[in-house]
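Structural description and commentary
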Amino acid sequence: MNTETEKLKKIFSLWRDIECLTPFEIHENDFESLLDPNNSAHSPRSSIFKWDEKNNRGRTAFQHELNKSPVGTDTAEHITVYTICAGVIPTELYVKRVEELLRKLRPDCSEFLKDYSYEQMRSNGRIALGGFRVNHFGKFVPDSIHISYAFAYLIELSRMVKDREKIADPVSQAVSVAISIQSRFWPELDTSISSAEDAQAELPDSKILYQMKCRRMKGAKTRDGKSRRIMQLNDLSPSLPIFDANIVDEIVKFLLKEAELDVPYEIWVAKQFQVSTQPAPMPFMNSPYVVEIERILALLKDNFASPEDILSKITYSILDDSPGPDRKDILTSPKAFADLANPKHFNLGRWPNLIQHYLVPLQQAAVEAICSCDDYSPVVSISGPPGTGKTEIVKELVADVVVRRAFVLSKIKNIGVEELFDDIAEGLALKSEFSEDFSIIVASNNNNAVENITKELPYSYGFERQTFYFPELADELNHTEGAWGLISAALGKGINWQRFYKTLFRRKTLDSNGTKVKKLISKDIC
């Protein structure tokens, strides 16, 4: 291996900068659901307030909600928290400004900028400049300010064009901007308010969240005799006034001025209800990879361990610059294509499409390339515009995994005698030889991209023969009709997991009298 620590530092520093510079788009449909993945399915419906420079109705409604906040102490089943996106601007305008500044700094990178602009300006998306929170008592939460890394990078680029100084890393710059906002708009903030340690000492079973002391209490009985989980909430910053919604506009104007950016903006506010006493993340602000990259960079800089110990074998092999196998271009080398598309190497499973929907040769070559990967070089990139058959390849991979697992299970000689499960703390688990290497996770930065696949597979017919595999469960899970089987499920968010569990194990059925009852069906699906 020729991968050295200094090279890895440069690689991960560049990777971090690229992740920060690339706009992390916020989608209106996902804004509410992304805020608290642990949100209870029984929580009150969240509210969204929106306004811009021309229409301030949303600001007035938001201020009205804040003015109704309790004072001092409250007993509630849910914690109310307001998450504020301070400045939502079109991605296209951000990219245009970045390109303009980079051309001034690096006139020789026009080709790179052309590719960057084309890739980033294709969508009509939007990005958030920054965000912060207001708590259950309508008070600003001092340590909740987050600044978009992409926007922090833009501020640094603007300064660099002026002063020609070395650009700071975007993570540090984002922290610096957050501190500037707090000192500029809340200079009177009393930092001597009751500390978390003092509040914790008063009530050992309490937790500190959003400048509040939260203590779980035994609640009242519901109609079915169950006890509700309610909390006693105490305001730890009673001297602070109720939050003024007008400040949000001032913060946005301050940020835009810092970046010398003159663009129209919107402000989005979500009123959320959460039962967890853990802070909800702000995953709509920055790439989720930045935190992990920063962690690896810190370990490399501190020489905490060797690169082989810090990185997984897969990541290490990808970043290794040792000479690898020669590149084979199957479009110019008939022999290379014939070797890859040889029927002897075809994957075991095939998605049962109609014959007119079978894979074309290049799709089949891509499937073979993926199925033939070894454990430490399993990354295969497939690119193509919409409608070129990328999802069809995913279907083939799903079919291959299902058939390979069936092949392993078929080797069980006596299913009534042979031990198939391990007894673990959580219960029974299928032995590793029957479960490992057979799961498929479809992941993306975009929830819609994932759900397009996981929700399409149960409804993508085209089968040569009629097939059914728990279609009722699939229809119930996806709130629609016409599924052929439960082959995939959209998970990710907490509410999706709850729906998945209830669909499988707490289905509503009819008893002999025609009355709806809940019935465990684990025995039916195992």
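What you are looking at is a predicted structure, and each value in this text was computed from that prediction instead of being measured. (Residues numbered from 1 in each chain as written. Predicted model: local features only at pLDDT ≥ 70, side-chain atom pairs only at ≥ 80, totals over all residues. Heavy atoms only, no water.)

1. Regarding the overall build of the protein
Let me state the cut-off plainly: Secondary structure is summarised from DSSP: a helix means a run of H or I of at least four residues, a strand means a run of E of at least two, and numbering begins at the N terminus for each. The buried label applies to any residue whose accessible area, calculated with a 1.4 Å probe on protein chains only, is under 20% of its type's maximum; exposed applies above 50%, and partly exposed to all values in between. Here, residues are in contact when the closest pair of their heavy atoms is within 4.5 Å. Working definition of accessibility: Shrake-Rupley area with a 1.4 Å probe, residue cover restricted to the visible protein chains.
Regarding its fold elements, the protein presents 20 helices and 14 strands. Considering the protein as a whole, with its 526 residues, one finds that 40% of them fall into the buried category. Taking the intrachain contacts of the protein between residues at least 6 apart in sequence as the baseline, contacts between residues at least 24 apart amount to 71%. Here the protein has roughly 31,000 Å² of accessible surface; of this, 53% comes from carbon and sulfur atoms.

2. Here we look at the packing of helix α6 (residues 149-163) against helix α9 (residues 246-258)
Angle between the axes and distance between the axes: these two values describe a pair of packed helices. Formally: Where helices are involved, their axes are fitted lines through C-alpha atoms of the stretch in contact, as for all axes, and angles between N-to-C directions lie from 0 to 180°. Angles below 35 degrees are treated as roughly parallel, those above 145 as roughly antiparallel, those between 65 and 115 as roughly perpendicular, and all remaining angles as oblique. Asp, Glu, Lys and Arg are counted as charged, while Ala, Val, Leu, Ile, Met, Phe, Trp, Tyr, Cys and Pro are counted as nonpolar; the rest, among them Gly, fall into the polar class.
For the pair α6 and α9, interaxial distance at closest approach is 9 Å and the crossing angle is 45°. The orientation of α6 with respect to α9, classified from their angle, is oblique. Here Phe 151, Ile 155, Ser 158 and Arg 159 of α6 lie close against α9, whose contacting residues are Leu 255, Leu 256 and Glu 258. When grouped by side-chain class, the residues that make up the contact of α6 with α9 number four nonpolar, one polar and two charged.

3. Focus on the environment of Asn 496
Mapped onto the elements, Asn 496 comes out in helix α19 (residues 494-505). On a C-alpha basis, the gap between Asn 496 and Leu 477 in space is 9.2 Å, while along the polypeptide they are 19 residues apart. Apart from residues lying up to four places away in sequence, Asn 496 is in contact with Glu 451, Ala 490 and Leu 491.

4. Side note on the packing of aromatic side chains
For clarity, the threshold we go by: Only the six-membered ring of Trp is used, alongside the rings of Phe and Tyr, when aromatic pairs are assigned; centres must lie within 6.5 Å, and planes under 30 degrees apart are stacked while those over 60 apart are edge-to-face, with the rest tilted.
In this structure the tally under the stated criterion is twelve aromatic pairs. Judged by centre distance (5.9 Å) and plane angle (40°), the ring pair of Phe 49 and Phe 62 falls under tilted. In this pair, Phe 49 is assigned in strand β1 (residues 47-52) and Phe 62 in helix α3 (residues 57-67), connecting sequence segments 13 residues apart. Both residues of the pair, Phe 49 and Phe 62, belong to the buried class. With a centroid separation of 6.1 Å and an interplanar angle of 70°, the aromatic rings of Phe 132 and Trp 186 are classed as edge-to-face. Of the two residues, Phe 132 sits in strand β5 (residues 130-134) while Trp 186 sits in the loop between α7 (170-185) and α8 (196-202), which places them 54 residues apart along the sequence.

5. Examining a negative patch on the surface
Which entries qualify depends on this criterion: Residues enter a patch when their relative accessible area is above 30% and they make no salt bridge; the linking distance is 9 Å between like charges and 5 Å between nonpolar side chains (Val, Leu, Ile, Met, Phe, Trp, Tyr). For this document, the term salt bridge refers to a Lys or Arg side-chain nitrogen within 4 Å of an Asp or Glu carboxyl oxygen. For the charge count, each Lys or Arg is scored as positive and each Asp or Glu as negative, with His and the chain ends excluded. Where a charge lies is defined by one atom per residue type, namely NZ (Lys), CZ (Arg), CG (Asp) and CD (Glu).
Where like charges cluster on the molecular surface, the negative patch consists of Glu 418, Glu 419, Glu 433, Glu 436 and Asp 437. Examined against the element boundaries, Glu 418 turns out to sit in the loop between α15 (390-409) and β11 (421-424).

6. Brief notes about the pairing of β5
In plain terms, the rule: At least two DSSP bridges between two strands are needed for those strands to be called paired.
With respect to burial, β5 is a largely interior element, five of its five residues being buried. What you see with β5 is no split at all: Gly 130, Phe 132 and Val 134 on one side and Gly 131 and Arg 133 on the other are buried throughout. Across four bridges, the pairing between strand β3 (residues 79-90) and β5 is antiparallel. Paired with Tyr 82 across the two strands is Val 134, which belongs to β5.

7. A look at helix α4 (residues 91-105)
Here is the rule: Expected helix span is taken as 1.5 Å per residue step, with the number of steps being one fewer than the number of residues.
In this model α4 runs 21 Å from its N-terminal to its C-terminal C-alpha over 15 residues, within 8% of the 21 Å that 1.5 Å per residue would give. Those residues of α4 not exposed but buried are Thr 91, Tyr 94, Val 95, Arg 97, Val 98, Glu 99, Leu 101, Leu 102 and Leu 105.

8. What to know about the confidence of the model for the protein
In plain terms, the rule: pLDDT runs from 0 to 100 and stands for how confident the predictor is about each residue.
Confidence in the prediction for the protein averages 76 pLDDT; 76% of positions are at 70 or higher. Here helix α20 (residues 522-525) is the element of the protein with the lowest mean pLDDT, 39, and α3 is the one with the highest, 93. Low confidence marks residues 36-41, where pLDDT is under 50. Its contacts with residues over four positions away, or in another chain, come to 17 contacts. Predicted confidence is poor over residues 516-526, with pLDDT under 50, and the contacts of this stretch with residues over four places away or in other chains come to 26 contacts.

9. Regarding the pattern of salt bridges
It is possible for side chains of opposite charge to pair when their charged atoms get near one another. With the rule as written, the count across this model stands at 16 salt bridges. Glu 260 is the salt-bridge partner of Arg 97, the closest N and O atoms lying 3.3 Å from each other. Pair noted here: Arg 97 is in helix α4 and Glu 260 is in the loop between α9 and β10 (266-274), with a separation of 163 residues, a long-range link. By relative accessible area, which is 39% here, Glu 260 ends up partly exposed. We note a salt bridge from Glu 258 to Arg 159, for which the minimum N-O separation is 2.7 Å. Here the residue Glu 258 occupies a position in helix α9, and Arg 159 occupies one in helix α6, the gap between them amounting to 99 residues. On the basis of relative accessible area, Glu 258 is assigned to the partly exposed category, the value being 29%. The partly exposed category is assigned to Arg 159, whose relative accessible area is 34%. Salt bridges sharing partners connect three or more residues here, namely Arg 97, Glu 100, Lys 104 and Glu 260.

10. Considerations on the environment of Tyr 210
Structurally, Tyr 210 is set in the loop between β7 (207-209) and β8 (212-221). For Tyr 210, a relative accessible area of 9% translates into the label buried. Apart from residues lying up to four places away in sequence, Tyr 210 is in contact with Val 81, Arg 133, Asn 135, Val 141, Gln 274, Gln 278, Pro 279 and Ala 280.

11. Some details on α9
Counted at 1.5 Å a residue, the expected span for α9 with its 13 residues is 18 Å, and the 19 Å between its end C-alpha atoms agrees. For α9, every residue scored as buried is listed here: Ile 247, Val 248, Asp 249, Ile 251, Val 252, Phe 254, Leu 255 and Leu 256. Remark: Glu 260 follows α9 within two positions and exhibits a positive phi of approximately 55°.

12. Looking at unusual backbone geometry
With glycine set apart, most residues show a phi of negative sign, and most peptide bonds adopt trans. In this structure, Gln 211 takes a positive phi of about 60° despite not being glycine. In this structure Gln 211 comes out as buried when scored by relative accessible area, which is 18%. Its identity is not glycine, yet Glu 260 carries a phi of approximately 55°, on the positive side.

13. Some details on the environment of Tyr 459
Following the sequence through the fold, Tyr 459 ends up in the loop between α17 (447-454) and α18 (471-478). The class of Tyr 459 is partly exposed, set by a relative accessible area of 22%. For the pair Tyr 459 and Ala 474, spaced 15 residues apart in sequence, the C-alpha separation works out to 8.9 Å. Those residues in contact with Tyr 459, other than ones at most four positions away along the chain, are Ala 474, Asp 475, Asn 478, Thr 480, Glu 481, Gly 482, Ala 483 and Trp 484.

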